[in-house]
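Single-letter residue listing:
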Amino acid sequence: MGAIKFIEEGLEVVAADGANLRQKALENQIDLYTFKGKMINCGGYGQCGTCLVEIVEGMENLSERTPVEVKRLSKRPDSFRLACQILVKGGTVSVITKPQTRKQDKKK
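- The name that an unreviewed UniProt entry assigns to the chain is Ferredoxin, with the source organism given as Rubidibacter lacunae KORDI 51-2.
- Under the UniProt heading Sequence similarities (unreviewed entry), the entry covering the chain gives this text: "Belongs to the adrenodoxin/putidaredoxin family."

Here it is, written out as structure tokens:
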């Protein structure tokens, strides 16, 4: 068993080994998507890249980047992942949702 801490939302959820991070977020009413993402998300297949999250702690407790992530996130920091492609392997993981908007907010 593992735990996922959604930092911005102040919520920690339990995740079985092999649980998909996107699915756990949606099950717990965590909003992963910006407005654009809500309009065009692919439903968890990694094709749209709109379920972007930043892993701030516990990267070792997650599956490796998939080939889809390697392609889609080639210009992003290693800490950025697609929630739909992440499997939790146990331990605790800390996640920031919608990191692309958080960084834009800091610029204002």
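**Details of the overall build of the chain**
So, point 1. Regarding its fold elements, the chain presents four helices and five strands.
So, point 2. Starting at the N terminus and walking to the C terminus, you meet the elements of the chain as β-β-α-α-β-α-β-β-α.
So, point 3. For 108 residues, the compact-globule formula gives about 13 Å, and the C-alpha radius of gyration of the chain, at 13 Å, lands near that figure.
So, point 4. Every one of the 108 residues in the chain was classed for burial, and the buried ones make up 44%.
So, point 5. In the chain, once contacts between residues fewer than 6 apart in sequence are set aside, the share between residues at least 24 apart is 60%.
So, point 6. Of the roughly 6,100 Å² that the chain leaves accessible, carbon and sulfur atoms contribute 51%.
So, point 7. Across the chain, the mean location of the 18 positive side-chain charges is 9 Å away from that of the 13 negative side-chain charges.

**Side note on the pattern of salt bridges**
So, point 1. One pass over the full model with this rule turns up four salt bridges.
So, point 2. For Glu27, the salt bridge identified is with Lys24, shortest N-O distance 3.3 Å. One end of the pair, Glu27, and the other, Lys24, are both in helix α1 (residues 21-27), three residues apart, so they sit about a helical turn from each other.
So, point 3. A relative accessible area of 16% means that Lys24 is categorised as buried.
So, point 4. Among the ionic contacts, a cluster of salt bridges with common partners joins Asp31, Lys38 and Lys98.

**As for the state of the cysteines**
So, point 1. Under the definition given, this model contains zero disulfides.
So, point 2. No disulfide involves Cys42; its nearest neighbouring cysteine sulfur is the one of Cys48, lying 3.7 Å away.
So, point 3. The partly exposed category is assigned to Cys42, whose relative accessible area is 23%.
So, point 4. Take Cys51: it sits in no disulfide, and the sulfur closest to it among the cysteines is that of Cys84, at 3.6 Å.

The rules we used
The residue count restarts for each chain, going from 1 along the sequence in the order it is written. The predicted origin of the model limits local features to residues at a pLDDT of at least 70 and limits the giving and counting of side-chain atom pairs to 80 or more, whereas totals for whole chains, interfaces and linings rest on all residues. The basis for the side-chain values is all heavy atoms of the structure; hydrogens and waters are excluded. UniProt positions are given in the numbering used here, feature names are shortened, and annotations may be inferred rather than shown by experiment. Secondary structure is summarised from DSSP: a helix means a run of H or I of at least four residues, a strand means a run of E of at least two, and numbering begins at the N terminus for each. In this description the radius of gyration comes from C-alpha coordinates, and the expected globular size is given by 2.2 Å times residues to the power 0.38. Partly exposed describes any residue whose relative accessible area lies between the buried limit of under 20% and the exposed limit of over 50%, with all areas from a 1.4 Å probe on protein chains only and scaled to the type maximum. By the convention used here, residues are in contact when the closest approach between their heavy atoms is within 4.5 Å. Here the accessible surface of atoms and residues is derived via Shrake-Rupley with a 1.4 Å probe, and residues count as covered only by protein chains that are part of the display. Counting rule for charge: Lys and Arg are taken as positive, Asp and Glu as negative, and neither His nor the chain ends is counted. Note that the charge is assigned to NZ on lysines, CZ on arginines, CG on aspartates and CD on glutamates. Any carboxyl oxygen of Asp or Glu within 4 Å of a side-chain nitrogen of Lys or Arg constitutes a salt bridge here. Criterion for a disulfide: a pair of cysteine sulfur atoms within 2.5 Å.

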